[in-house]
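# Understanding the architecture of this molecule
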Amino acid sequence: MTQEPPGASPDTEAPASSRRGLSRHLVDIAPLKASPAFARLWIGGAISGVGAFMTTVAVGLQIYDITESTFAVGLVGGISLLPMIVAGLWGGMIADVFDRRRVLIVASLSSWASIIALVALAFWELHLQGEGTHAPVWPFYLVTTVNAITSTVQNATRGSVVGRLLPPELLSRATALNGISFGAMVTVGPALAGVLAATIGLPWTFAIDAVLFTAGFLGIWMLPPLPRLGERVEAGWPVLKEGLAFLKNAPNIRMSFIVDIVAMTFGRPYVLFPALGATVIGGGSLTVGALTAAGAIGTMLTSLFSGRIAHVHRHGIAISRAIQVFGAFAVLFGVITLLAVRGDHAPGEGWAGTDFSMLILLGLAMAGMGASDELSAIFRQTMIIQAAPDEMRGRLQGVFIVVVTGGPRLGDMYAGALAAVTALWCPPLLGGIVVIALIAVLTRAQRAWRDYDAQAPTP
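Residues numbered from 1 in each chain as written. Predicted model: local features only at pLDDT ≥ 70, side-chain atom pairs only at ≥ 80, totals over all residues. Heavy atoms only, no water.

## Re the overall build of the chain
A tally of regular secondary structure across the chain gives 17 helices and zero strands. Against the 2.2 N^0.38 benchmark of 23 Å for 459 residues, the chain shows a C-alpha radius of gyration of 22 Å, consistent with a compact globule. With respect to the principal axes defined by its C-alpha atoms, the chain has extents near 65 × 50 × 45 Å. A total of 459 residues make up the chain; the buried ones form 53% of that total. In the structure as shown, the chain presents an accessible area of about 19500 Å², 69% of it carried by carbon and sulfur atoms. Of the side-chain charges in the chain, 28 are positive and 26 negative, and the distance between the mean point of each set is 10 Å. (Helix = DSSP H or I, 4+ residues; strand = E, 2+ residues; numbered from the N terminus. Rg over C-alpha atoms; globule rule 2.2 N^0.38 Å. Buried < 20%, exposed > 50% of the residue type's maximum accessible area, 1.4 Å probe, protein only. Areas by Shrake-Rupley, 256 points an atom, 1.4 Å probe, with all protein chains shown as cover. Lys, Arg positive; Asp, Glu negative; His and termini not counted. Charge placed at Lys NZ, Arg CZ, Asp CG, Glu CD.)

The following block contains the structure:
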């Protein structure tokens, strides 16, 4: 990783450099101490986020119970994609126009109402099952789409709030803390959903999410007022157009979006997990869960041992290197899959039918991908907050939401289509090579990106 440039201010890094031994490498909790408002927002978001991932899994289980169709389950994401993209752009705009605390409160209450609606629908379906029939599936699609829209507005606004709650020198450390909470959501939420759905049923699983959501709402409710800085403007197309014009003249922030799309389009193997579990590694859904958890563990470990990130100032180079490492682990995933395909293991259901040696190797590759992706995300998010003026951060966070929402779906399409005409090992192996090569070309092509210095941030 890049070294601290000459002339760096020692005062800026005092919180990190004053720590000794192993603690210097562990995540720095200084942001939680510096801002009680950020601490409440972070803790509440982590708790409610576990519930959100619970609901994501539970909705899929509920729709499959009704339809017995994997395609119907997949439509949950497909139907909500376009509304989420619109909500990201629109939500970022209103976050730049209105008091961000009020925007968060309204969006949160709307999300809460959609979760309560899911509770009611699930109990209705349970009642109909007792009568030998099922509820129609369209109300579930409608409610989950509303939830996706309101959650997207929340995320765009929440990302623009952090720069108002913390000083610039703590932003990268705050982003690392967010990586820990996200990793916990991804690992704990789905696992808890599976246990609760099997023990107390889907309606009560949704109800528990509604209760956990309270923690996130309290963190938002206790924020200070966050009105727009600068002159008052009216929400509408001119404000959105202004944001797009700013992005056009912000090469570093624009590049942060481009390199992330490259990584997510060509480097994601998640859509291959079900086929690997069924036809290569064995284990079925257990393998899918294990590989997904491995990526999340990599994310958490990077955030946990992120104490030194405050010393890295060349964020453009750091992002490029992290994404190239991500591509290298994607290549490794493809090579391991190729070896597994050519092996003589007879896959079966459950752990008894699992090739553990290959599963462990694939899990290590996924952990490496999760770790390097999180390192990239820490610096990308920090760059957006530091380099953009406050009155523009909501719109840029909205574009960021569109990128992180659309990129993985493009990646699933790429991997699924290529695997259908070649083999399971081809998408990650070829995609990883493409990621490494494209990032090298893009980095070399833009000098401003290579020279970006967090101590003198420029958009």
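Once the structure has been displayed, the description carries forward.
## Thoughts on a nonpolar patch on the surface
A surface patch of nonpolar side chains, amounting to about 570 Å² of accessible area, comprises Leu286, Trp351, Phe356, Ile360, Leu361 and Leu364. Counting residues per element, the nonpolar patch draws most heavily on helix H14 (residues 356-387), at four residues. Note on placement: Leu361 falls in helix H14. (Patch = residues over 30% accessible without salt bridge, like charges linked within 9 Å, V, L, I, M, F, W, Y side chains within 5 Å. Salt bridge = Lys/Arg side-chain N within 4 Å of Asp/Glu carboxyl O.)

## Overview of the packing of aromatic side chains
Summed over the entire model, instances satisfying the criterion amount to eight aromatic pairs. When the centroid spacing of 5.5 Å and the interplanar angle of 45° are considered together, the rings of Trp112 and Phe217 count as tilted. Of this pair, Trp112 sits in helix H5 (residues 100-130) while Phe217 sits in helix H8 (residues 202-221), placing them 105 residues apart in sequence. Judged by centre distance (6.1 Å) and plane angle (35°), the ring pair of Phe273 and Phe333 falls under tilted. Of this pair, Phe273 sits in helix H11 (residues 273-280) while Phe333 sits in helix H13 (residues 315-341), and the two are 60 residues apart along the sequence. (Phe/Tyr/Trp six-rings, centres within 6.5 Å; stacked < 30°, edge-to-face > 60°.)

## With respect to the environment of Phe53
Its location among the elements puts Phe53 in helix H3 (residues 36-67). Once you skip the residues sitting within four places of it in the chain, Phe53 turns out to touch Phe182, Met185, Val186, Gly189 and Pro190. (Contact = heavy atoms within 4.5 Å.)

## A word on the environment of Thr56
With respect to the helices and strands, Thr56 occurs in helix H3. Spatially, the C-alpha atom of Thr56 lies 10.0 Å from that of Gly77, the residues being 21 residues apart in sequence.

## Looking at H3
With 32 residues, H3 extends 46 Å between its outermost C-alpha atoms, agreeing within 8% with the 46 Å of an ideal straight helix rising 1.5 Å per residue. Trailing H3 by a residue or two, Glu68 shows a phi angle of about 55°, which is positive. (Expected span 1.5 Å × (residues − 1).)

## Here we look at the packing of helix H7 (residues 171-199) against H14
Taken N-terminus to C-terminus, the directions of H7 and H14 make an angle of 135°; their axes are 9 Å apart at the nearest point. Between H7 and H14, the angle falls in the class oblique. Judged by the twist between their axes, the crossing of H7 over H14 is right-handed. In contact with Leu171, Ser172, Thr175, Ala176 and Gly179 of H7, H14 contributes Glu374, Ala377, Ile378, Gln381, Thr382, Ile385 and Gln386. Residue composition of the contact of H7 with H14, by class: five nonpolar, six polar and one charged. (Axes fitted to C-alpha atoms, helices over the stretch in contact; angles between N-to-C directions. Parallel < 35°, antiparallel > 145°, perpendicular 65-115°, else oblique. Left-handed = near helix turned anticlockwise from the far one by under 90°. Nonpolar A, V, L, I, M, F, W, Y, C, P; charged D, E, K, R; others polar.)

## So, the packing of H7 against H8
Packing of H7 against H8 leaves a shortest axis separation of 7 Å and a crossing angle of 135°. When the axes of H7 and H8 are compared, the pair comes out oblique. Viewed along their axes, H7 and H8 form a crossing whose handedness is right-handed. Where H7 approaches H8, its residues Ala193, Leu196 and Ala197 are matched on the opposing element by Leu202, Thr205 and Ile208.

## Topic: the environment of Gly45
Here Gly45 is to be found in helix H3. Judged by relative accessible area, Gly45 falls into the buried class, the value being 14%. Residues Gly45 and Leu212, spaced 167 residues apart in sequence, show a C-alpha to C-alpha distance of 9.7 Å.

## A closer look at the pattern of salt bridges
Enumeration over the complete set of coordinates arrives at five salt bridges. Here Arg100 and Asp96 are joined by a salt bridge, their closest N and O atoms 2.9 Å apart. On the accessibility criterion, Arg100 (2% relative accessible area) is buried. We note a salt bridge from Arg395 to Glu242, for which the minimum N-O separation is 2.9 Å. Here the residue Arg395 occupies a position in helix H15 (residues 390-421), and Glu242 occupies one in helix H9 (residues 237-248), the gap between them amounting to 153 residues. Relative accessible area serves as the criterion here: at 4%, Arg395 is assigned to the buried category. Judged by its relative accessible area of 41%, Glu242 falls in the partly exposed class.

## Observations concerning the confidence of the model for the chain
On average, residues of the chain carry a pLDDT of 84, and 93% of them reach 70 or more. In the predicted structure, residues 1-18 sits below a pLDDT of 50 and forms 33 contacts with residues beyond four places in sequence or in another chain. (pLDDT = per-residue confidence, 0-100.)

## Comments concerning the nonpolar core
One finds Phe38, Leu165, Ile253, Phe257, Leu276, Ile281 and Leu396 to be the most contacted residues of the largest nonpolar core, which totals 82 residues. Here the element with the most residues in this core is H14; it accounts for 13 residues. The residues contacting Leu396, other than those within four sequence positions of it, are Phe246, Leu247, Ile253, Phe257, Ile384 and Ala388. Ranked by size, the runner-up nonpolar core spans 18 residues in total, among them Ile66, Leu121, Val143 and Leu202. (Core = buried A, V, L, I, M, F, W, Y, C linked by side-chain atoms within 4.5 Å.)

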